[in-house]
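Here is what each chain is made of, one letter per residue.
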Amino acid sequence: MDEKYIQIFCDKKKYQLIKIIDFNKRKDTATLHAKIPNTNKNILIKIFGSNAPPKVISSFKSEIEFYKNNSSLQCISNFINSEQNFFVIELFNGDTLPKIINSYFFIRNEDDLSNIFSQIKLIFNEFYNFEVETTVINKNTKKFVVESLIDRLGNLITSGPKGSERSNFEAFILRQFYKKNLKNLEKKLNIIIESWIKKNYKIHTSYGHNDLHCNNFLSNTNFSDSKIIDFENLTYPGIWISDLLYFYGTLFALLSSKKHLQNEIQNQACEHICSYEPRFNPNEIYKIVKLFCISAESNSRFRLYNKGIKMNKILQFNSTVKDLI
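Below, the structure is looked at part by part. Please read all numbers here as calculations on a predicted model, not as lab measurements. (Residues numbered from 1 in each chain as written. Predicted model: local features only at pLDDT ≥ 70, side-chain atom pairs only at ≥ 80, totals over all residues. Heavy atoms only, no water.)

Looking at the pattern of salt bridges
In plain terms, the rule: The salt bridge definition used is simple: a Lys or Arg side-chain nitrogen within 4 Å of an Asp or Glu carboxyl oxygen. Only DSSP runs of H or I covering at least 4 residues are called helices, and only runs of E covering at least 2 are called strands; the numbering of each starts at the N terminus. The buried label applies to any residue whose accessible area, calculated with a 1.4 Å probe on protein chains only, is under 20% of its type's maximum; exposed applies above 50%, and partly exposed to all values in between.
Within the structure shown, the criterion is met by 15 salt bridges. Between Lys46 and Asp230 there is a salt bridge, with its nearest N and O atoms 3.8 Å apart. Taken together, the residues Lys46 in strand S3 (residues 41-48) and Asp230 in the loop between strand S10 (226-228) and strand S11 (238-239) connect sequence positions 184 residues apart. By relative accessible area, Asp230 is classed as buried at 16%.

Topic: the sheet that holds strand S2 (residues 29-36)
Formally: Being paired, for any two strands, means DSSP has found at least two bridges between them. Every angle, taken between N-to-C directions, lies between 0 and 180 degrees, and every axis is a line fitted to C-alpha atoms, over only the stretch in contact when it is a helix. Whether two residues touch is decided by their heavy atoms; if any such pair falls within 4.5 Å, the residues are in contact.
Spatial strand order, S1-S2-S3-S5-S4: five strands in an open sheet with antiparallel pairing. At either margin of the open sheet sits one strand with a lone partner, and together these are strand S1 (16-24) and strand S4 (79-83). The sheet shows a mean angle of 20° between the axes of neighbouring strands, taken without regard to direction. Taken together, the four bridges between S4 and strand S5 (residues 86-90) define a ladder with antiparallel strand orientation. The residue of S5 that forms the bridge with Phe79 is Ile89. Against the sheet, helix H1 (residues 3-13) contacts S1, S2, S3, S4 and S5, and its axis sits at roughly 140° relative to S1.

Focus: the side chain of Asn220
Where we set the bar: A 3.5 Å cut-off defines polar contacts: any pair of N or O atoms within that distance qualifies, except that in protein one atom must be a possible hydrogen donor and the other a possible acceptor, and neighbouring residues in sequence count only when both atoms are side-chain atoms.
If you trace the backbone, Asn220 turns up in the loop between strand S9 (217-219) and S10. Look at Asn220 and you get buried, because its relative accessible area is 18%. Of the polar contacts made by the side chain of Asn220, one reaches the side chain of Ser224; its length is 2.8 Å. Setting aside residues no more than four positions away along its own chain, Asn220 makes contact with Phe92, Asn93, Gly94, Ile100 and Asp225.

On their own, these measurements won't tell you what the molecule is for.
Okay, here's the thing in structure tokens:
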């Protein structure tokens, strides 16, 4: 698939191509901003080509089914239609949280996070439908939960948002520190999850986003409307606490150098998580939140400013693992 293919596709389907938002040669996928002629409606098209790997095709099908089955949710974009290798949703008129945070909290030097926190709670409450969809963790799902938390932590340290970069040296150092701590981290998380099983904590939902970082949270400038996007990594069932920890970790990293706001984020994350499972030990949750926050901040790809390798952040990751239990 190339630009010519994309243009021919749009002409054939009678979509007016505005721009190519993202083009992934390895996955043979593209995300397009287009309009439907005579309606002036802005749409987003996700499409894959003939060379797309089976895993990508499967993710597309899963994403389409999610939109079809959850069309009533206000926190996701309206589904319009789909065919074998593409689907169309309404384009939301908003920006990613990193863009909004850069504008408000770095350029304008504002420091009130209350609107963001309110919108986050509103959107997540609807997305996970906590009132009816939560279930308890048990011995059969313990491994799944631990692996999910390990996966999200590893992603925070070794990966990063699209379009972000870091030096090869930083990537090497972060991987080594993560590998060094991995065995101890798995051991401690297993102990924590085992205690949650004994207490019948509810941490499962019917589905999980599994990639809920700040770039996948869109909002308008006054935070009166927000959307969650990018459902290609959906898991069934989901682990809501894994998503929330991951999200707040990336939010914490974005505001690196603004310590008073980072403290607010950690406290808000603990309060938010404990509101869904009131039996959680707040001190234990705080340590886990801190672990995710420090993991994200150690990786310059999640920081808006204060870039480059920061050994103090990496060493702090070591200490948070040690202090977990």
